[in-house]
Amino acid sequence: MAGVQCAIDFFTSLISVKDWRVKTRPPPPASYHFEQSSPLCCTLTYVLSRSLKLFKSWLLPLLLLWLFYTFIGTLARINGSSMSPTLEDGMAVWMWKWSRFNSSWPDYGEVVATLVPPNQTPYSTESRIFGSERRTRYVKRVVGKPGDTLELKEGELLRNGTKVAEKYTSSEVAAFSSEKITLEPNQYFVLGDNRRLGESIDSRFFGPVTRLDLLGRVSWVVWPLSSWGSSEDVVASSTTTW
């Protein structure tokens, strides 16, 4: 009997220890409690996660690149020789577009990229791939600002009755003369440096351009490397591509 009593006491003690452990075990953390998400919620979460990853990897860099190209600056390639020998055909230049947001820009003698005013056939449009057309883009030098009275007399530029010293023009200048023109508010007169007969299409042919036509300031020669440097005195060729 003593042996049986010992066995009963032993098993009773085990049950008591087990009950004590169960009773004193701490409850699981709140984070362990969860509700099962619906399939639609899981799908939306997955789609949003993948979309965010795609945006960071591809769309964000493309957006930043577009913003830089549209508002900050871009490369442009010179086509033609309307300001040879200052710039030659095939040169690459850097154009700052942010200059458009400067109210005091442009100044006399600055190199600018500009659109040809509309309705100036055949100068205002140019053909592109697949037969599409766009407004022609030129790179020229600003020689007249709003309120100026300009006149070309035997190839010489007169601004407000005073001859302008143009050290940047070609050595041979056509004896081109024009009537006086007074620029209205928001109008600018642009010329190419190559003043040989028929070498430059500019405001002598398509008239003044407006502030909205101006695309940016050409400030740096990028290519060829032999011509690398600031373009303070550089002016443009006939057309530009970018």
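You'll find the structure just up there.
Heads up: these notes are all about the structure in this document. Quantities reported herein were computed from a predicted structural model and do not represent experimental measurements. The residue numbering used here restarts from 1 in each chain and proceeds along that chain's sequence as written. Local features in this predicted model are restricted to residues whose pLDDT is 70 or higher, and side-chain atom pairs enter the listing and the counts only when it is 80 or higher, whereas totals over whole chains, interfaces and linings include all residues. Working from all heavy atoms in the structure, the side-chain values ignore hydrogens and water.

### Focus: the overall build of the protein
The following threshold applies: Secondary structure follows DSSP: runs of H or I at least 4 residues long count as helices, runs of E at least 2 residues long count as strands, and numbering of each begins at the N terminus. Residue burial is assigned from relative accessible area. The probe radius is 1.4 Å, only protein chains are included, and a residue is buried under 20% of its type maximum, exposed over 50%, and partly exposed in between. Residues are treated as being in contact if the distance between any of their heavy atoms lies within 4.5 Å.
Within the protein one finds three helices and 15 strands. For the protein, with 242 residues in total, the buried portion stands at 37%. Long-range pairs, those at least 24 residues apart, make up 67% of the contacts in the protein between residues at least 6 apart in sequence.

### Overview of the side chain of Glu-151
Along the chain, Glu-151 turns up in strand β7 (residues 149-153). Residues within four places of Glu-151 in sequence aside, it is in contact with Glu-156, Leu-157, Leu-158, Ser-178 and Lys-180.

### Describing the pattern of salt bridges
Here is the rule we go by: Salt bridge, as used here: a side-chain nitrogen of Lys or Arg that lies within 4 Å of a carboxyl oxygen of Asp or Glu.
Applying the stated criterion across every chain, the model contains seven salt bridges. With its nearest N and O atoms 2.9 Å apart, the salt bridge here joins Arg-134 to Glu-126. A salt bridge links Glu-156 to Lys-163, with the nearest nitrogen and oxygen atoms 3.1 Å apart. Overall, the relative accessible area of 52% leaves Lys-163 in the exposed class.

### Some remarks on the packing of aromatic side chains
To keep it simple, the criterion reads: Side-chain rings of Phe, Tyr and Trp, where Trp is taken by its six-membered ring, are said to pair if the distance between their centres is within 6.5 Å; with planes under 30 degrees apart they count as stacked, over 60 as edge-to-face, and otherwise as tilted.
Tallied over the entire structure, the rule returns eight aromatic pairs. With a centroid separation of 6.4 Å and 35° between ring planes, the pair formed by Phe-71 and Phe-101 is classed as tilted. You can see Phe-71 sitting in helix α2 (residues 39-72) and its partner Phe-101 sitting in the loop between β2 (92-96) and β3 (111-115), a full 30 residues away along the chain. Assessed through its relative accessible area of 35%, Phe-71 is described here as partly exposed. With a centroid separation of 5.6 Å and an interplanar angle of 80°, the aromatic rings of Trp-94 and Trp-96 are classed as edge-to-face. Overall, the relative accessible area of 26% leaves Trp-96 in the partly exposed class.

### So, the nonpolar core
The test is simple: For the purposes of this section, nonpolar cores are sets of buried Ala, Val, Leu, Ile, Met, Phe, Trp, Tyr and Cys residues that join through side-chain atoms within 4.5 Å.
By size, the foremost hydrophobic cluster in this structure holds 13 residues, and its most contacted members are Ile-78, Leu-87, Val-93, Ala-113, Val-139, Leu-215 and Val-218. Listing elements by their share of this core, those giving two or more residues are β1 (73-79), β2, β3 and β13 (214-223). Counting 10 residues, the second largest nonpolar core, distinct from the first, contains Val-112, Val-116, Val-190 and Phe-206.

### Digging into the pairing of strand β11 (residues 187-191)
The two faces of a sheet get side chains in turn, since along a regular strand they alternate between them. Selection rule: Any two strands with at least two DSSP-identified bridges between them are counted as paired.
Burial of β11 is extensive: five of the five residues sit out of reach of the surface. Residues Gln-187, Phe-189 and Leu-191 point to one face of β11 and Tyr-188 and Val-190 to the other, with burial holding for every one of them. Of the strand pairs in this sheet, strand β6 (residues 137-144) and β11 are connected by three bridges, and their pairing is antiparallel. When the bridges of β11 are listed, Gly-144 appears paired with Phe-189. Note that β11 and strand β12 (residues 209-210) share two bridges and pair antiparallel. Each residue of the ladder has a partner; that of Tyr-188, found in β12, is Val-209.

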